[in-house]
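# Examination of the molecular architecture
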Amino acid sequence: MSAAPSLTHAQVQTLLSESSYDPSVCSKLESYVRAQVSAVASTLVASESPDVRYSFDANRTLIKLYQFFPHLEGETGVEITALASFLSLLRFPDTDFVALCCLIPERVQSTEPCATLVRCAELLESCDFALFWPEFRKLGIPEYGIVEGGVVSDDRKLLSNAVNGPIASNTIRTNVIRMLARTYRTAPLSMVLAALDLGDANSLREFGSNVHVLSEGGEDGTTTATTTTTNAPIVEGVEGDVVTFAASSDNTKRVGSAYRGGVSYDDVATMMSKSALRGQ
Amino acid sequence: MADEALFPDSVKDFVFDLHDASRRSFIPSEQQSLYQTTFREITAKEDGGDGVEGGGGGMMMMWDEKGRYFPNTAWPSSSAIAPECGNDPLFLALYDELTLRHLQSVKRPSVRDRVGGWRAYAKLFDLILAEAAGGGGNGETLYLVPEWCFDVMHEFLYQFQGFCQFRTATYAAAAKAADASDPEKGPTGHVVDAIDVLSQNRDAWAVESVLSYLHRLVAAGSRRTGGDGASSSSCAPVYRFLAYFGSVTLSRLECLLGDYRASVSALDVIYDPNADLVAVGEDMRSPEELVNGVFPARLSLAYHAGVSYLMLRRYKDSASILGGICLFMQRGFKTGQLRKIPGSEQFNKLFDRMIALLAILSHVCPKSVVDDAIASVVREKHANNLSKIEAGEEGYEDLFVFACPKFVNPAVPDYGRALRPGCPPVPYGQDAYKLQVQHFMMEMAAHATLRKMRSYMSLYTSIEVEKLASFNDMKVEEFGPWLTCFKHKMRQLERGVAVTPGPAEAASKGVVRGVNSDMDRMGMALDIHYHVSGNVVHVDEAEKTRRFETFFMKQIENNYDILRQLESIKIEV
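Definitions and limits used
Residues numbered from 1 in each chain as written. Chains lettered and ligands numbered in written order. Predicted model: local features only at pLDDT ≥ 70, side-chain atom pairs only at ≥ 80, totals over all residues. Heavy atoms only, no water. UniProt positions renumbered as here; feature names shortened; annotations may be inferred. Helix = DSSP H or I, 4+ residues; strand = E, 2+ residues; numbered from the N terminus. Buried < 20%, exposed > 50% of the residue type's maximum accessible area, 1.4 Å probe, protein only. Areas by Shrake-Rupley, 256 points an atom, 1.4 Å probe, with all protein chains shown as cover. Pairing = 2+ DSSP bridges. 1 Å grid on protein atoms, 1.4 Å probe; cavity = no way out; pocket = protein on both sides within 12 Å on 5 of 7 lines; lining within 4 Å. Points joined across faces, edges and corners; volume = space filled by probe spheres on them. Nonpolar A, V, L, I, M, F, W, Y, C, P; charged D, E, K, R; others polar. Salt bridge = Lys/Arg side-chain N within 4 Å of Asp/Glu carboxyl O. Contact = heavy atoms within 4.5 Å. Axes fitted to C-alpha atoms, helices over the stretch in contact; angles between N-to-C directions. Polar contact = N/O pair within 3.5 Å; in protein donor to acceptor, adjacent residues only side chain to side chain. Arc of directions from axis to C-beta. Phe/Tyr/Trp six-rings, centres within 6.5 Å; stacked < 30°, edge-to-face > 60°. Lys NZ or Arg CZ within 6 Å of the ring centre and 35° of its normal.

Under an unreviewed UniProt entry, the name given to chain B is Eukaryotic translation initiation factor 3 subunit L, and the organism recorded is Cyclostephanos tholiformis. The UniProt entry for chain B carries the following comment under Sequence similarities (unreviewed entry): "Belongs to the eIF-3 subunit L family." Under the UniProt heading Subcellular location (unreviewed entry), the note attached to chain B is "Cytoplasm".

In the nomenclature of an unreviewed UniProt entry, chain A is known as EIF3k of Cyclostephanos tholiformis.

Here's what the structure looks like:
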C-alpha cells in the first residue's frame, strides 16, 4: 500500500481545483480513497485524518486519471477502482455508481472484486434486495475472487473490513428501507426482512426506530436534493406478519385532483417583458 | 498551396482590416462582415475578367479554372502576410487558426497536418491567456466577435476528436497487420509512417493538455464578483466570450469522455444566476443569451447536455432540452433562417440524431415535456423502431447507436506494442464507444418490463399484486421487486425553475437569470401514482399536467407578432 498520508477534504478540494489532471496527484487521490473507505470500515478507532468525507469528485478524478494514463493503474489500480466503486455503491439510490461505471473500462469491471460490485449494483438497481445481500457478503471474504496462489492485498482487506463493518450495511439498509417506504404502505414482514437482511421483527423495530422520514419540500411535493429528516420513524409498526410504513405522499392515495390551473407570475412576467422589448 | 509571393490586394486588404478590427478599432459589425462574409468571398472568389489580376508590382495571381483563389488550397502563410499586420504574434496565431480551419475543411489532413494543428492551437491559446493575464492594466487589446470565438473552440475540439479517432484507427490497422497470418503482409508504409510520427509527438492533442486549456480559458473569463475582488465584469468581452464558449466545448469534451456529471456541471458558469452581464456589441446579455445568440453553440450545448442527462437517468431534463432545440430548429428549417448560418449542412444530421434520442425518451418516460409538433415528427420518423420495441424486440440500441456522439479513447496508445503480434485490437483493451453503448443498454434492459407494467396499471384504480404479476407473466415473488424498481428508476434529479431577475433594468430587457445545478431537485418522472398496501396495488388517476395557460400565452404572443408584422406592411394606394 502507498505510504502517502491522506489529505483532508479541504485539501483535496483545493487539489482538484488546481491540478485535476496532473498525473502526480494520483497517489494523493488513491490515499484519499483509502481514507474514505477506512472511515467506513472503522467506527471505534479514530480515522487517520480528522476530516475525511466522501467525495465523488475526487474518486471520479482518480478513475479518469487511470483512463488518461493507463500506466498509473499499476498493480493496485483495479482494487483502488473497487474501493471507489464501493463508496459510490453506498450512495445508492443516487446515481454515483452509474456515473462512475461509465468511466471504468470493461476489462476492469469484469475483474474481481469490481465484477461482484457491479453485480451488487445491478441487484440494487433492479431492487432485488433479497438477492443483493448474499452477493454483497462475498466481498467481505478477502480471498473471494483471488486466483489460486494469489496474495490478498491490503486494499482488498480494507474492502472486506468495510463490507463487514456496521456502517456499510446500515447505510445500505437505510436507503433500501426508504425505497420500500416510497412504494409500500404495508408490506409482508418476510419480504421486508429479506430486503434488509434482518433476522426478525424485533431487529426491524429497532432498526426502523432509528431511521426517520425525510421532509418533502416544494409545492408539488418534490424533494430538494438536500432534504432534511423529521422526527417520525419510517416504520410505523410491525404487527404479526405485516409491516406498516409511515404515511407519506408517496405511499398513500393522492388527496383531491392533481390538476393545478392558474398562471404563474414568472410566466406572465417573462411574456410581458418580451412584449415590452418588442414595443421599444 | 498558393505561391507565397502571389496573392492579390484583396487578401492584403482583408488581413489589414481584420487586424485593425480585432486589435485597434474593435468595431463588431465591421469584424463580423470581414470574418463571416469577406473571408468566404475571397476563398471562393469568382473572377469575371480574363483570369489575371495584378497583385502589388504587376504580379499575376494564380487561381483555379473557376477563378477561385483558395478553394482547395491553403491561404498564404502567416509569414507571407505578416507585414500587413505589423508582425503581431497574436493576430498571426489567429490567422493561422482561421486558415488552418479552412484547409482542413477542404483537404483530408495528414498525420503531420494534425500534429501541426495542435501546435497552432497551443500557441494561440498560450498567447490569448498571456494577453488576458497581462492586459488588465492596458485596457482592451483584443476583440473577437462571438461567432469567431465559438468557431475557434468548436474546431479545437473537433480536431481533438478527429485525432483520437485517427490514432485509434492507426493503432488498430497496425495491430491487425502485425497479427496477420501472412508475415509478409505487414503494416503498410503509411501506417508505419503514421505510427512513427505519432510516437515522436506523444504530447500532441494530449487530453490533459486539452482539458487544461479549456479550464484556463473558462477561469480567465468567468470570475464572478466575489471576495477576492476579481470580477468578470472588469474582464474584456472577448475573454468572457471565450470562457462561455469554452465551457460549451468543455461540456462536449466531458460527454465524449463519458463523464456525464462533469459535462452537466461544466455548464454551470453559463447558467450561473449571479453571473455579470456581458457586452455583445451595444447590448448587455446574460451568458445564456450570449450562447443562444450563436446558433451552432446553442445546438452543441443542447445536444451534448441532452445525451448527458439521458445517460444520467434524468429523462425529463434530457427531453426538455432536446425538445426545445428541435422545436426551434423545425421552425428555422421552415422559414429558411437556419440555412443562412455557416455550417448549416450539419444541422439536419444533428436534428435527426436528436429526434432519435427523443424517440427513446418518449418511450421510457411518458411524462416527457415535448411539444406536439416534435412528438409527431418523432412518431413519423421512428414508428418502425418504436413498434419493434412495443412488440418486445430490441430497438433501443439501434436508435442510440445512430444518435450518440463519437466517444473517444483519451489515452495515448502504446504504439510500439501495435507493431508486435498478439496486441489487443484497441489500445489497452479500452473501447470507449462500446462501453457507453453497453452502459446504455443495461439501463434500458428494465424498461420493456416497466412499460408493460405501466400499461396494465393505468387501466386500474386497484389491482391485486398477484393478478398484475400474472399479466406480466411473472410469479408474485419475482414481480414484487419491479414495483419498487419502477419508482426507483423514475425518481430523478430535475433542473430547477428559472426565475425572473431581481434588478428592474434586467427585467425590462427580458433577461432571465440562469438555473445552475445548485437548484437541482428530486422529482418523479412517472405519469401515474401508485402505492402498495397489503397485496393490492392502488393506482391514482393520472396526474393532469396540462397547463392550458401556456397554450393561451403562446397564442397571445403569436397574435402579437402577426399584428406587428401587419402594422409594418406599407400599403400604397
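### Some remarks on the overall build of chain A
A count of helical and extended segments in chain A gives 13 helices and five strands. Expressed as a percentage of its 280 residues, the buried residues of chain A come to 49%. Just so you have it, chain A exposes about 12600 Å², and 53% of that area is on carbon and sulfur atoms.

### Observations regarding the pairing of strand S7 (residues 536-540) of chain B
Residues and elements named next belong to chain B. Judged from the three bridges that link them, strand S3 (residues 462-464) and S7 form a sheet pairing that is antiparallel. Pairing of Ser462 across the sheet is with His538, part of S7. In this structure, strand S6 (residues 529-533) lies alongside S7, joined through five bridges in antiparallel fashion. Looking at the pairing, His531 lines up with His538 of S7.

### Observations regarding empty space enclosed by the protein
Gaps between atoms show up when a probe of the same size as a water molecule is rolled over them. All names here are of chain B. In total, this model carries seven cavities of 30 Å³ or more according to the counting rule given. In terms of lining residues, the second largest cavity is bounded by His363, Val364, Pro366, Tyr396, His447, Leu450, Arg451, Arg454, Phe486, Met490 and Leu526. Going through the elements one at a time, helix H14 (347-364), helix H19 (447-457) and helix H21 (476-490) are the ones with two or more residues in the lining of the second largest cavity. When residues of the lining of the second largest cavity are assigned to their parent elements, the largest contribution, four residues, is made by H19. In terms of residue class, the lining of the second largest cavity is made up of seven nonpolar, two polar and two charged.

### Structural notes on the pattern of salt bridges
Once the charged atoms of two side chains with opposite charge are near each other, the side chains can pair. One pass over the structure, following the stated rule, counts 32 salt bridges over all chains. Salt-bridge contacts for Glu131(B) lead to Arg23(B); the nearest nitrogen and oxygen are separated by 3.0 Å. Residue Glu131(B) is found in helix H5 (residues 111-134), and its partner Arg23(B) is found in helix H1 (residues 9-25); the two are separated by 108 residues along the sequence. Its salt-bridge partner being Arg314(B), residue Asp317(B) comes within 2.9 Å of it at the nearest N-O pair. Looking at Asp317(B), the relative accessible area reads 8%, which means it is buried. A relative accessible area of 6% means that Arg314(B) is categorised as buried. In this structure, a network of salt bridges that share partners links the residues Asp57(A), Arg60(A), Lys64(A), Glu254(B) and Asp259(B).

### With respect to the environment of Lys388(B)
When you line up the elements, Lys388(B) lands in helix H15 (residues 372-390). Contact partners of Lys388(B), with chain neighbours within four places excluded, come to Glu393(B), Glu394(B) and Asp398(B).

### Quick look at the sheet that holds S6(B)
Read across the sheet, six strands follow the order S4(A)-S5(A)-S1(A)-S6(B)-S7(B)-S3(B) without closing on themselves; strand pairing throughout is mixed. Taken across any chain shown, the strands that pair with only one partner, and hence form the sheet edges, are strand S4 (235-239) of chain A together with S3 of chain B. On average, adjacent strands in this sheet sit at an angle of 25° to one another, irrespective of strand direction. Bridge count between S4(A) and strand S5 (residues 242-245) of chain A: four bridges; the pairing is antiparallel. Within S5(A), the position partnered with Val238(A) by the bridge is Val243(A).

### Re the pairing of S6(B)
For S6(B), the buried fraction is high: four of the five residues fall into the buried class. Inspection of the sheet shows strand S1 (residues 184-188) of chain A paired to S6(B) by two bridges, in the parallel sense. Bridge assignment links Thr186(A) to a residue of S6(B), and that residue is Ser533(B). With antiparallel pairing between neighbouring strands as the criterion, S6(B) and S7(B) make up a hairpin whose turn holds two residues, including Gly534(B) at a positive phi of roughly 65°.

### With respect to the side chain of Arg60(A)
Examined against the element boundaries, Arg60(A) turns out to sit in helix H3 (residues 56-68). At 2.9 Å, the side chain of Arg60(A) and the side chain of Asp259(B) are in polar contact. What Arg60(A) contacts, discounting residues up to four positions off in sequence, is Leu100(A), Leu103(A), Asp259(B), Arg261(B) and Ala262(B).

### So, the environment of Arg34(A)
Relative to the elements of secondary structure, Arg34(A) occurs in helix H2 (residues 26-41). A sequence separation of 195 residues divides Arg34(A) from Thr229(A), and the C-alpha atoms of the two residues are 29 Å apart.

### Here's the deal with helix H1 (residues 9-19) of chain A
Residue and element names in this part refer to chain A. All of the buried residues in H1 are His9, Val12, Leu15 and Leu16. One face of H1 carries all of its buried residues, which in axial projection span an arc of 115°. In H1, the exposed residues that point more than 90 degrees away from the buried face are Ser17 and Glu18. On its buried face, H1 sits against H2 and H3.

### Examining the packing of aromatic side chains
Using the criterion set out here, one finds 28 aromatic pairs over all chains in the structure. Seen from their ring centres, Tyr460(B) and Phe471(B) are 6.2 Å apart, and the 25° between their planes marks the pair as stacked. Taken together, the residues Tyr460(B) in the loop between H19 and S3 and Phe471(B) in helix H20 (residues 465-471) connect sequence positions eleven residues apart. Relative accessible area serves as the criterion here: at 26%, Phe471(B) is assigned to the partly exposed category. Seen from the ring of Phe56(A), Arg261(B) lies directly overhead, with NZ or CZ sitting 4.4 Å from the centre. Residue placement shows Arg298(B) over the ring face of Phe328(B); its charged tip is 4.2 Å from the ring centre.

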